[in-house]
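The lines below spell out each chain.
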Amino acid sequence: MIKNYLKTAWRFLLQNKLTSLISLTGLAIGVGCFLLLSTYIMNELRYDRFNDKADRIVRLVQHIKSTNNNEEIINAITPSAPVPVFKQALPEIADGARIFNYSGYKPATVQYSDKLFNERNILMADESFFKIFSFDFLEGNSLTAFNQINSVVISASTAKKYFGNDDPIGKILKVNNVNSMLITGVIKDVPAYSQIKFDLIGNYAMLSRSKTRKWDSANDYSYFLLKPGTKVKSAEQKINAYTDNLFKNDGDKDHRLQFTLEPLTRVHLYSKANDNLVPAGNIRDIYILSSVALILLLLACVNFLNLFSAKSIERAHEVGVRKVMGALRGQLFIQFLTEAAIITLCAIMTGTMLAWLIFPWFSNLIGHQLGFQTWDINVLVLLLIGIFVSVTLLAGTYPSLYLSAFKAIIILRGKSGGNAGNSTLRKSLVVFQFAVSVFFIIGTIVAAGQMDYIQHLDTGVNRSNVIVLDIGGASYNKIQALRTALIQQPDIKNVSASYDSPVNIAGGYTIDKAEGATGNLNMMVTGIPVERNFINTLGIKLIAGNDFTLGDEQRVLDTNYQKRVYSFILNESAVKSLGWKPNDAIGKQISMNGRQGEIRGVASDFNFASLHQKITPIAIFPEYDYFGKLLVKVSGKDMLNTTNGIERDWKSFFPDSPFDMHFLDQEYDELYQNDQRASDILIVFAFITIFLSCLGLFGLVIFSTRQRTREIGIRKVLGASITSILGIISWDFLRLVGLAIIISSPIAYYAMSKWLQGFVYRINMQWWVFVLAGSVAMLIAFITISFQSVKAAIANPVKSLRNE
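Definitions and limits used
- Residues numbered from 1 in each chain as written.
- Predicted model: local features only at pLDDT ≥ 70, side-chain atom pairs only at ≥ 80, totals over all residues.
- Heavy atoms only, no water.
- Helix = DSSP H or I, 4+ residues; strand = E, 2+ residues; numbered from the N terminus.
- Buried < 20%, exposed > 50% of the residue type's maximum accessible area, 1.4 Å probe, protein only.
- Contact = heavy atoms within 4.5 Å.
- Areas by Shrake-Rupley, 256 points an atom, 1.4 Å probe, with all protein chains shown as cover.
- Core = buried A, V, L, I, M, F, W, Y, C linked by side-chain atoms within 4.5 Å.
- Expected span 1.5 Å × (residues − 1).
- Arc of directions from axis to C-beta.
- Salt bridge = Lys/Arg side-chain N within 4 Å of Asp/Glu carboxyl O.
- Pairing = 2+ DSSP bridges.
- Axes fitted to C-alpha atoms, helices over the stretch in contact; angles between N-to-C directions.
- Parallel < 35°, antiparallel > 145°, perpendicular 65-115°, else oblique.
- Nonpolar A, V, L, I, M, F, W, Y, C, P; charged D, E, K, R; others polar.
- Phe/Tyr/Trp six-rings, centres within 6.5 Å; stacked < 30°, edge-to-face > 60°.
- pLDDT = per-residue confidence, 0-100.
- Patch = residues over 30% accessible without salt bridge, like charges linked within 9 Å, V, L, I, M, F, W, Y side chains within 5 Å.
- Left-handed = near helix turned anticlockwise from the far one by under 90°.

What to know about the overall build of the chain
Part 1 of the argument: The number of helices and strands found in the chain is 25 helices and 25 strands.
Part 2 of the argument: Evaluated residue by residue, the chain yields a buried proportion of 51% over its 804 residues.
Part 3 of the argument: Contacts spanning at least 24 positions in sequence make up 81% of the contacts within the chain whose residues lie at least 6 apart.
Part 4 of the argument: Approximately 36500 Å² of the chain is accessible, and the part contributed by carbon and sulfur atoms is 56%.

Now the structure itself:
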């Protein structure tokens, strides 16, 4: 019996090659896209779950809230005190570890023998680190990894890079020509789905502050291992009760320090903290992509359902004959469901192969290395079985029930039952398909428009032709000497330096005193120490006062901090918060974190962080204790010779540091990688949804023209033109597309408005976006319809009527 079902089903599919191919192609693409997106979602959801104690590990997050204006800063970076203090004071905490991003501001120069590399992933951690987190050791072990102060554990790929096939244990790495690190362990490369990524991790005890317990400066990431059975909220409440009691007499009533604990497995997708070790994901994106994955699979099922139910009309006579010959409804149901199952099985196999082939390209698109190895094989097999059963039932049940319900007597008299209801369903599904397509078209246009707006917005910082060199830790004299050498080159316009990247400034300060200020004191501001040519190099506009001078530079070079006299340039927002007008602020005395001085100038508001954030007060001031970035403004006329000249000067001053440059535009673009990725994904899947919709529409047009062969023949005999016949056939479908546009437009407007609200600086959605999206959908639908309609319209009516 089963063999007969399969044989009959296979024969039918071969007899209807075009319809079967359309159904198979649509389902395969839907399954392939579903697998791609599901793999990405699975990768995001499994972040940090490889740790054996993941359910008990939490991250400490610091909240500083101003009681004056309710501003709140949420930082993942915390002081050095909480870990040793809370481990000792709170019984709920079993262990804890501090992590310092050693190469966070500047790549560290690491040397072994004649091999010299810039390393960007070096961490320092407490010796308890490997007791809390689970990283697989290939050599050495977790218990003794940090037994020595200068111990360092390296990844397998790092070991290969420096030592080839030699044993690295016991070898010494020279770091920044200062620290000698002893290799005591080699681990497997850190999983891509870990929030703590490193190539080298050293002993935190090497840091000078390791024995101190400071609360007033934040440089570390703090993790705790809770005792079994401890509730996160309970531990959090005890931590805040402890700190409230600790700081109750500190005299600062304008700010409140609080801590929250984030479960390790929720950090990647749910954390709202700034300055994460690696860029965080967003649970909202997971919800969006999950919806996209299901919609694409559903579109493919709709195509199949539409084509299969449409084809059923042509099979009415077959059903009648089968019933007369004694076939039961249940047997017919199983026969038609078998046909659906065969197509579904072939589609899943094809879709799986398609996903496997596309994984490298898709990985490049989203910035993560993905593949079927992401899955647990048992979970993947269950997923594919689930897809097979779900798609077969979803796409095959209705047509099978519909076909098997035909009454033999009515059919053999030349009639078919239930055609109207079936037609209504097909039309509804066409509307659904194109509603989804229009939604994606609108989303793509809006997302592309926002990304273009970001790229071309005047942020108040001239990023064009600014070369960035990482110089963390270089002395004032060496930086000035390098600047003097560089400025001699004809194509170099200016050279400056800064603590942070000027497009993503993160330093937190407080203006606690201001001469005659009527506004907010103890005002939280972003601050950045700079070299005096910073403003001019980046083209930041001053609306009052003057730029920094050589005198401003000289007054902050004294090694005795008490003798330094600072100069500040504030932005408009800072001056406004202090209750001044720009011109009135010039010459006013302020104090910021112990730095006393006067306001030299007022800058026009400029974006110094992501456009997701509004412009807030910022203070710019010369200070030469530490610079992270050297900024070289070039003309851009002869970039090759200019960069060669910069490299030559760099090597003369820093012979032991590899030359590594990039452009400021690249740092700006990195702020919007996730947004650009979302835009790219929208574009790709907009094309896929349109293709799937057109594929289904094409199949329905083929069916429709076959059903109307006699009508078209009679119309041609009576003198109807090809254009009028094309119009008649097209109208039936284009009005459904028009309805889809009407339904989809308000939904797309609402969804994209929500998305745009994530940007403080954003475009406004214009009416033409919806007109363009609707026009594109109509045009694509018309072309799809015309391809088959014209063929039917030019057919010889004599042959058509003879066949009828």
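Let's pick the thread back up.
Concerning the nonpolar core
Nonpolar side chains in soluble globular proteins tend to end up buried together.
Part 1 of the argument: Counting 110 residues, the largest nonpolar core has Phe362, Phe534, Ile620 and Phe685 as its most contacted members.
Part 2 of the argument: Ranked by the residues each element gives to this core, the list is headed by helix H13 (residues 419–456), at 13 residues.
Part 3 of the argument: Non-local contacts of Phe534, meaning those with residues more than four positions away in its chain, are made with Ser496, Ala497, Ser498, Pro502, Ile528, Ile540, Ile620 and Leu631.
Part 4 of the argument: Counting residues in each nonpolar core, the second largest holds 39 residues, with Ile471, Ile479, Ala585 and Val634 among its members.

A few points about helix H14 (residues 476–487)
Since the α-helix packs 3.6 residues into each turn, any two residues three or four apart lie on the same face.
Part 1 of the argument: Here H14 contains twelve residues, and its C-alpha end-to-end distance of 16 Å stays within 8% of the 16 Å for a straight helix at 1.5 Å per residue.
Part 2 of the argument: Looking only at H14, the buried set comprises Ile479, Gln480, Leu482, Arg483 and Leu486. Summarising the axial view, the buried residues of H14 lie within an arc of 160°, below the 170-degree limit, and thus occupy one face.
Part 3 of the argument: Check the buried side of H14 and you find it contacts strand E16 (492–498), helix H16 (550–554), strand E24 (629–634) and helix H19 (639–653).

Let's talk about unusual backbone geometry
Part 1 of the argument: Not every positive phi belongs to a glycine, and Asn465 is a case in point at roughly 55°.
Part 2 of the argument: Secondary-structure assignment places Asn465 in the loop between H13 and strand E15 (466–470).
Part 3 of the argument: Although it is not a glycine, Asn593 adopts a positive phi angle of roughly 50°.
Part 4 of the argument: For Asn593, the position within the fold is in the loop between strand E21 (589–592) and strand E22 (595–603).
Part 5 of the argument: Classification of Asn593 as partly exposed rests on a relative accessible area of 42%.

Observations concerning the pattern of salt bridges
Part 1 of the argument: Taken as a whole, this structure holds 21 salt bridges when the rule is applied.
Part 2 of the argument: With its nearest N and O atoms 3.7 Å apart, the salt bridge here joins Glu531 to Arg483. Taken as a pair, Glu531 in the loop between strand E18 (523–530) and helix H15 (534–538) and Arg483 in helix H14 lie far apart in primary sequence, 48 residues in all. With respect to burial, Glu531 and Arg483 carry one shared label: buried.
Part 3 of the argument: Here Arg564 and Glu623 are joined by a salt bridge, their closest N and O atoms 3.9 Å apart. Of this pair, Arg564 sits in the loop between H16 and strand E20 (566–571) while Glu623 sits in the loop between strand E23 (618–622) and E24, and the two are 59 residues apart along the sequence. You'll find Arg564 and Glu623 in the same group, each marked buried.

Side note on the pairing of strand E6 (residues 115–119)
Part 1 of the argument: In the sheet, strand E5 (residues 108–112) pairs with E6 via five bridges, with the strands oriented antiparallel. Paired with Ala108 across the bridge in E6 is Glu119.
Part 2 of the argument: Here E5 folds back onto E6 in antiparallel fashion, the turn holding two residues, of which Ser113 has a positive phi close to 55°.

Concerning the pairing of E15
Part 1 of the argument: Across the five residues that make up E15, a large majority, five, are buried.
Part 2 of the argument: With five bridges joining them, E15 and E24 adopt antiparallel strand pairing. Across the sheet, the residue bridging to Val466 is Lys633, located in E24.
Part 3 of the argument: In the sheet, E15 pairs with strand E25 (residues 661–663) via three bridges, with the strands oriented antiparallel.

Structural notes on the packing of helix H3 (residues 82–89) against helix H6 (residues 232–246)
Between two packed helices, what matters for the description is the angle formed by their axes and the separation of those axes.
Part 1 of the argument: For the pair H3 and H6, the least separation of the axes is 11 Å and the interaxial angle reads 110°. Accordingly, the angle class assigned to the pair H3 and H6 is roughly perpendicular. In this structure, H3 contributes Val85, Phe86 and Ala89 to the contact, and H6 contributes Ile239, Tyr242 and Thr243.
Part 2 of the argument: Of the residues assigned to the contact of H3 with H6, the class counts are five nonpolar, one polar and no charged.

So, the packing of aromatic side chains
In this description, an aromatic ring pair is defined by two values, namely the gap between the centres and the angle between the planes.
Part 1 of the argument: On inspection of all chains with the given rule, the structure shows 34 aromatic pairs.
Part 2 of the argument: Ring centres of Phe86 and Phe259 lie 6.2 Å apart, and the angle between their planes is 80°; this geometry places the pair in the edge-to-face category. Pair noted here: Phe86 is in helix H3 and Phe259 is in strand E14 (residues 255–263), with a separation of 173 residues, a long-range link.
Part 3 of the argument: By relative accessible area, which is 0% here, Phe86 ends up buried.
Part 4 of the argument: With relative accessibility at 1%, the residue Phe259 sits in the buried group.
Part 5 of the argument: Geometrically, the ring pair formed by Tyr476 and Tyr624 is edge-to-face, given 5.0 Å between the ring centres and 90° between the ring planes. Remark: Tyr624 occurs in the loop between E23 and E24 and Tyr476 occurs in helix H14; sequence separation between them is 148 residues.
Part 6 of the argument: Exposure remark for Tyr476: the relative accessible area of 23% places this residue in the partly exposed category.
Part 7 of the argument: Judged by relative accessible area, Tyr624 falls into the buried class, the value being 7%.

Structural notes on the environment of Tyr221
Part 1 of the argument: When you line up the elements, Tyr221 lands in strand E13 (residues 218–226).
Part 2 of the argument: A sequence separation of 146 residues divides Tyr221 from Asn75, and the C-alpha atoms of the two residues are 9.5 Å apart.
Part 3 of the argument: Setting aside anything within four residues of it in sequence, one finds Tyr221 in contact with Ala76, Ile77, Thr78, Ala97, Arg98, Ile99, Asn101, Asp275, Asn276 and Leu277.

Let's talk about the confidence of the model for the chain
In low-pLDDT segments, the atomic positions of the prediction should not be examined closely.
Part 1 of the argument: Residue-level pLDDT values for the chain average 83, and 86% of them are 70 or greater.
Part 2 of the argument: Segment residues 417–421: pLDDT under 50, and seven contacts once partners within four positions in sequence are set aside and those in other chains are kept.

A look at the environment of Phe117
Part 1 of the argument: Turning to its location among the elements, Phe117 is positioned in strand E6.
Part 2 of the argument: For Phe117, a relative accessible area of 28% puts it in the partly exposed group.
Part 3 of the argument: When the C-alpha atoms of Phe117 and Lys161 are compared, they prove to be 9.5 Å apart, with 44 residues separating the residues in sequence.

Structural notes on a nonpolar patch on the surface
Part 1 of the argument: A cluster of nonpolar side chains, namely Ile377, Val381, Leu382, Ile385, Val389 and Leu393, defines an oily patch on the protein surface of about 550 Å² accessible area.
Part 2 of the argument: Here Leu382 is to be found in helix H11 (residues 377–404).

Observations concerning the packing of H14 against H19
Part 1 of the argument: The interhelical angle for the contact between H14 and H19, taken along N-to-C directions, is 150°, at an axis separation of 10 Å. In terms of axis orientation, H14 runs roughly antiparallel to H19. Once H14 is placed against H19, the crossing between them reads as right-handed. In contact with Lys478, Ala481, Leu482, Ala485 and Leu486 of H14, H19 contributes Ile646, Asp649, Trp650 and Phe653.

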